[in-house]
Amino acid sequence: MSEESDSLRTSPSVASLSENELPPPSAPAGYVCSLTEDLVAKAREELQEKPEWRLRDVQALRDMVRKECPNLSTSLEDAFLLRFLRARKFDYDRALQLLINYHSCRRSWPEVFNNLRPSALKEVLASGFLTVLPHTDPRGCHVLCLRPDRWIPSNYPITENIRAIYLTLEKLIQSEETQVNGIVILADYKGVSLSKASHFGPFIAKKVIGILQDGFPIRIKAVHVVNEPRIFKGIFAIIKPFLKEKIANRFFLHGSDLNSLHTNLPRNILPREYGGTAGELDITSWNAVLLASEEDFVREFCQPGPPCDSILGQALPPEGLSSEVPCDDSMRAMKSQLYSCY
């Protein structure tokens, strides 16, 4: 590596503000890493995250937002921006696009994102439609358990279920461990009928998958489907055209074969309902976690904000953009240095 590259790597991360530019009055609070040494090593290996570069990478993304999307009403705190960098392996351009998509999705689907708070979804939470298992899998992934059979369509529309899923993802991604490890989805389709499946049409499928793949900073490591009826082939036929190959390859259909499930999710983290040894499936603990976060969600999702229609046109990722584009040290240094000039 050249002497110039070395000097870039060791330059202070706070140097990206020009001499005449003062930080905003509400400058982002200082970031304190909560990752263990093992997770720091994992983030370095899998996400190209280097602790010595972390704050400079965040500042580079912050500068890009200020220059390229000055009307984007978004948090610029270190911890918030790190979610997007980690989700896109510290590629600045892709992290910025993900941030734009994140806000565009929220503004383009008001039925889901308006008034998004736990107390508005008590009926969904009480139904047992979704919960998060108390134990992580061997890779440290939280397991989001979905049970569509618990949903009664006459009680509320399917968008309420989507709201509850998004609410849960927002809570999970606050954890740095989840940002690094990702999540696993366990979907139990027992008892799902054709009439119920008909509510999940192509329009809903495209929007939900668009959010999960390109509009939310979370890594979905696997989707395990159990007890799927024959009708699930029709459901999956609706979903698959919208899935990227990488995500499609992470779907595992187990049917009623719990031994197949246990080769991926060990019995000691699963409830008895799925052949596990971790006791009965409990929804109350996770519901309590969400309901205790009411004020956070009110502050984030229930406040009027400025219209951001000008950014919606930027929401679609460029065609051909690979999800595995590397961001090597020299390119990262160059981009960081470029944005320090703005």
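The model shown is predicted, which means the values in this text are computed figures rather than measured ones.

*Asks:* Please clarify how helix H3 (residues 54–68) should be interpreted in this entry.
*Replies:* The terminal C-alpha atoms of H3, which comprises 15 residues, lie 21 Å apart, in line with the 21 Å expected from a rise of 1.5 Å per residue. Of all the residues in H3, the buried ones are Arg54, Arg56, Asp57, Val58, Gln59, Ala60, Leu61, Arg62, Asp63, Met64 and Val65.

*Asks:* What am I meant to see in the side chain of Lys42 here?
*Replies:* Structurally, Lys42 can be placed in helix H2 (residues 37–47). Of the side chains with opposite charge, Glu46 comes closest to the buried, unpaired Lys42, at an N-O distance of 4.6 Å. Once residues lying within four places of it in the same chain are set aside, the contact partners of Lys42 are Leu47, Arg139, Val180 and Asn181.

*Asks:* I'm lost on the environment of Val40 in this one. Help?
*Replies:* Relative to the helices and strands, Val40 resides in helix H2. Note: C-alpha distance between Val40 and Lys50 (10 residues apart in sequence) is 8.2 Å. Sequence-distant contacts of Val40, that is, excluding residues within four places in its chain, are made with Leu35 and Pro51.

*Asks:* How should I be thinking about unusual backbone geometry in this particular structure?
*Replies:* Negative phi is the rule for most residues except glycine; trans is the rule for most peptide bonds. With a phi close to 60 degrees, Gln48 is a non-glycine residue in the positive phi region. Among the structural elements, Gln48 can be located in the loop between H2 and H3. Positive phi, close to 50 degrees, is recorded for Lys89, a residue that is not glycine.

*Asks:* What's the story with the sheet that holds strand E2 (residues 142–146) in this structure? I'm lost.
*Replies:* To summarise the sheet geometry, strands pair through backbone hydrogen bonds and adopt either a parallel or an antiparallel arrangement. Ordered in space as E1-E2-E3-E4-E5, the five strands form an open sheet in which the pairing is mixed. This sheet does not close on itself; its edge strands, each paired only once, are strand E1 (130–132) and strand E5 (251–255). Averaged over all neighbouring strand pairs, the angle between strand axes comes to 20 degrees, with direction disregarded. Summarising the sheet, E1 and E2 pair through three bridges and their orientation is antiparallel. Bridge pairing in E2 links Thr131 to Cys145. Of the strands in this sheet, E1, E2 and strand E3 (183–188) touch helix H8 (residues 158–172), which is tilted by about 10 degrees from E1.

*Asks:* For this particular structure, what's the right way to read the pattern of salt bridges?
*Replies:* Side chains carrying opposite charge are able to pair once their charged atoms draw close together. Applying the stated criterion across every chain yields a total of 14 salt bridges. Residue Arg150 is joined to Asp149 by a salt bridge in which the shortest nitrogen-to-oxygen separation is 3.9 Å. On the basis of relative accessible area, Arg150 is assigned to the partly exposed category, the value being 38%. Linking Asp296 and Arg299 is a salt bridge whose minimum nitrogen-to-oxygen distance equals 2.5 Å. Of the two residues, Asp296 and Arg299 both sit in helix H16 (residues 294–301), three residues apart, roughly one turn of that helix. Using a relative accessible area of 35% as the deciding quantity, one classes Asp296 as partly exposed.

*Asks:* How do you make sense of the packing of H3 against helix H4 (residues 78–87) when you look at a structure like this?
*Replies:* For any two helices packed against each other, the geometry is given by the interaxial angle and the distance between the axes. Where H3 meets H4, the closest approach of the two axes is 9 Å, and the angle between their N-to-C directions is 90 degrees. With respect to H4, the element H3 is oriented roughly perpendicular. Contacts from Arg54, Leu55, Asp57, Val58, Leu61 and Arg62 of H3 reach H4 at Asp78, Leu81, Leu82, Leu85 and Arg86. Its residues assigned to classes, the contact of H3 with H4 comprises six nonpolar, no polar and five charged.

Cut-offs applied
- Residues numbered from 1 in each chain as written.
- Predicted model: local features only at pLDDT ≥ 70, side-chain atom pairs only at ≥ 80, totals over all residues.
- Heavy atoms only, no water.
- Helix = DSSP H or I, 4+ residues; strand = E, 2+ residues; numbered from the N terminus.
- Expected span 1.5 Å × (residues − 1).
- Buried < 20%, exposed > 50% of the residue type's maximum accessible area, 1.4 Å probe, protein only.
- Lys, Arg positive; Asp, Glu negative; His and termini not counted.
- Salt bridge = Lys/Arg side-chain N within 4 Å of Asp/Glu carboxyl O.
- Contact = heavy atoms within 4.5 Å.
- Pairing = 2+ DSSP bridges.
- Axes fitted to C-alpha atoms, helices over the stretch in contact; angles between N-to-C directions.
- Parallel < 35°, antiparallel > 145°, perpendicular 65-115°, else oblique.
- Nonpolar A, V, L, I, M, F, W, Y, C, P; charged D, E, K, R; others polar.

All we've got here are geometric facts, nothing functional implied.
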